[in-house]
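Commentary on secondary and tertiary structure
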Amino acid sequence: MKPTYTSLLRTLCRGALCLTAAAALSACIDEDLSRCGKDYALTYRFLLQTSLDETLAREFTTPAERQLATPLQAALAPLFSEQAQDLTLHFHHPATGERLYYEEHLVGSQEAGFTLYLPEQDYSHVALANLGAEPALRTAGGASLSSLAWEMAAEGDTVPSLTQSLFCGWQYLAVGSGQTSFFMPLYMQDCAAVWVIDPRTAPVASYEAYVAGTASGFLCADSTFVYRPAQRVRTLQTAGGGLTAVYAGCLPSPDSPAEAQAAPAGRSDYSEAAGAYWTTYLYVRLASGEVTKNELYVRSPLRAGELKVLKIRLNDRGEAVADEREVGVSVTLDWKPGGDFDVEM
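Cut-offs applied
- Residues numbered from 1 in each chain as written.
- Predicted model: local features only at pLDDT ≥ 70, side-chain atom pairs only at ≥ 80, totals over all residues.
- Heavy atoms only, no water.
- Salt bridge = Lys/Arg side-chain N within 4 Å of Asp/Glu carboxyl O.
- Buried < 20%, exposed > 50% of the residue type's maximum accessible area, 1.4 Å probe, protein only.
- Helix = DSSP H or I, 4+ residues; strand = E, 2+ residues; numbered from the N terminus.
- Arc of directions from axis to C-beta.
- Pairing = 2+ DSSP bridges.
- Axes fitted to C-alpha atoms, helices over the stretch in contact; angles between N-to-C directions.
- Contact = heavy atoms within 4.5 Å.
- Parallel < 35°, antiparallel > 145°, perpendicular 65-115°, else oblique.
- Left-handed = near helix turned anticlockwise from the far one by under 90°.
- Nonpolar A, V, L, I, M, F, W, Y, C, P; charged D, E, K, R; others polar.
- Disulfide = S-S within 2.5 Å.
- Core = buried A, V, L, I, M, F, W, Y, C linked by side-chain atoms within 4.5 Å.

So, on to the pattern of salt bridges. Per the stated rule, a full pass over the model turns up 13 salt bridges. E295 is the partner of K293 in a salt bridge, and the nearest nitrogen-oxygen pair spans 3.7 Å.

And the structure:
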């Protein structure tokens with residue numbers, strides 16, 4: 001059987017990369033093997049902006065809070081870990097945005113290095129970490145640099161909390177310049193919100209909480225967060241020292257209240273919602289069976305890489321009281337399911 005150009009080029013160029021670049025194909029066919037490609041060393045490092053240990057030590061100071069900090073630290077550790085589980089590498093044509101090459105790797109460390117055989121041309125290179133380990137997200141639009149994104153995997157208005165730290169890095173690789181080694185830092189793009197609830201003497205039977213107004217997607221090439229569709233993130237819980245922490249891993253809020261989707265239609269108090277960047281809906285079920293709905297409007301942004309800790313206490317009717325000036329509270333007593341999204345009480 002006569003060998004095809006494809007099989008011949010794979011042999012000559014030591015890799016399928018030569019099949020993706022027309023210039024490299026021409027070079028190999030012309031037997032100018034020096035233009036076919038080279039080995040390039042790429043090193044990736046995963047960087048956190050927030051120390052989980054330092055943040056919890058600063059925010060949790062009372063004996064009861066320190067008891068809560070122990071299980072909360074264990075719960076949040078995967079969201080603030082420098083140990084990336086997986087890494088996906090996207091190489092795109094810098095002019096057309098077409099994806100020329102793609103690789104997936106398992107990592108399990110804070111830094112990863114690979115030697116790749118690449119045709120000698122320039123690339124727009126995007127590296128993403130932990131997308132494979134995070135079930136709440138999926139990658140989309142990988143065929144083009146302009147559409148490469150991650151988005152929530154779940155449909156509907158309510159999505160699960162993120163469970164892994166997510167990293168992204170972008171770099172222009174001038175491979176044709178003669179440089180053969182590149183270093184790329186990847187920065188954390190998710191964040192986490194924690195509400196510490198002190199029930200005092202409130203007869204609390206259970207809590208349910210949702211974070212709203214945070215991003216639903218991320219465009220990798222532009223490092224731009226997407227806020228449509230509007231989705232609410234279901235929180236998780238842990239307890240200690242008589243306190244309860246409701247928390248969620250999520251994407252960031254907008255950078256200004258004007259852009260925020262944190263106070264959607266149905267909010268009960270526009271004055272409290274004014275200036276809010278994002279919102280948490282806290283439903284307190286009392287021992288009597290009544291439910292108190294608290295809308296907690298936060299007048300400061302929730303940024304990528306950040307762990308934001310906010311504290312509230314309850315009165316006997318389950319109403320939240322916040323000491324922080326950045327938190328506005330609107331309360332509905334004896335709330336009944338109806339116009340809200342699907343609350344899992």
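Text resumes after the structure shown.
Right, let's get into helix α3 (residues 52–59). Within the sequence span of α3, burial applies to L52, T55 and L56. Projected down its long axis, α3 shows its buried positions confined to an angular sector of 95 degrees, all on one face. When the buried face of α3 is taken as reference, the exposed residues oriented beyond 90 degrees from it are E54, A57 and R58.

Bringing the sheet that holds strand β20 (residues 307–314) into the picture now. The sheet built from 5 strands is open, its strands ordered β16-β17-β11-β20-β21 with mixed pairing. Sheet topology places β16 (236–240) and β21 (320–322) at the edges, where each strand pairs with a single neighbour. Across the sheet, the mean angle from the axis of one strand to that of its neighbour is 30 degrees, orientation sign disregarded. Inspection of the sheet shows β20 paired to β21 by 3 bridges, in the antiparallel sense. Paired with R313 across the strands is V321, a residue of β21. On top of the sheet, helix α4 (residues 63–76) reaches β11 (191–198), β16, β17 (243–250) and β20; it is set at about 30 degrees to β17, its chief contact.

This part takes up the packing of α3 against α4. Between α3 and α4, whose axes approach to 10 Å, the crossing angle comes to 160 degrees. Considering their axes alone, α3 and α4 lie roughly antiparallel with respect to each other. Viewed along their axes, α3 and α4 form a crossing whose handedness is right-handed. Residues L52, D53, L56 and E59 of α3 form the contact with α4, whose own contacting residues are E65, A69, L72, Q73 and L76. Classifying every residue of the contact of α3 with α4 by side-chain character gives 5 nonpolar, 1 polar and 3 charged.

This part is about the state of the cysteines. Cysteine pairs can be linked by a disulfide, which is a covalent bond between their two sulfur atoms. The tally for this structure, following the rule as stated, stands at 0 disulfides. Here C191 stays free of any disulfide, with the sulfur of C250 as its closest cysteine sulfur at 4.1 Å. As a non-bridged cysteine, C220 has C168 as the owner of its nearest cysteine sulfur, 4.7 Å distant.

It is worth spelling out unusual backbone geometry at this point. P229 follows R228 through a cis peptide bond whose omega is 5 degrees. In this structure, P229 sits in the loop between β14 (224–226) and β15 (232–234). Even without glycine at this site, R200 takes up a positive phi of about 50 degrees. For R200, the location among the structural elements is in the loop between β11 and β12 (204–212). A positive phi angle is found at S223, which is not glycine, with a value near 50 degrees. Among the secondary structure elements, S223 is positioned in the loop between β13 (217–219) and β14. S223 sits in the partly exposed class, given a relative accessible area of 47%.

What follows covers the nonpolar core. The biggest cluster of nonpolar side chains holds 85 residues, and the ones touching the most others in it are Y44 and L87. Ranked by residue count, the leading element in this core is β11, at 7 residues. Those residues in contact with Y44, other than ones at most four positions away along the chain, are L87, L89, F91, Q110, E111, A112, F114, H125, A127, M184 and L186. One finds Y210, Y281, Y283 and W335 within the second-largest nonpolar core, a separate group that totals 7 residues.

In the sheet, strand β5 (residues 123–129) pairs with strand β9 (residues 167–173) via 7 bridges, with the strands oriented antiparallel. Bridge pairing links A129 to F167 in β9. Where β9 and strand β10 (residues 181–188) come together, 2 bridges link them in antiparallel fashion. If you follow C168 over to β10, its bridge partner there is Y187.

Let's shift gears to the sheet that holds strand β3 (residues 99–109). In spatial order, the strands read β3-β2-β5-β9-β10-β1-β4; together these 7 strands make up an open sheet with mixed pairing. Every interior strand has two partners, whereas the edge strands, β3 and β4 (111–118), have only one. Along the sheet, successive strands turn relative to each other by an average axial angle of 20 degrees, direction set aside. Both strand β1 (residues 38–47) and β4 contribute to a ladder of 8 bridges, which runs antiparallel. Residue pairing in the sheet places T43 in a bridge with G113 of β4.

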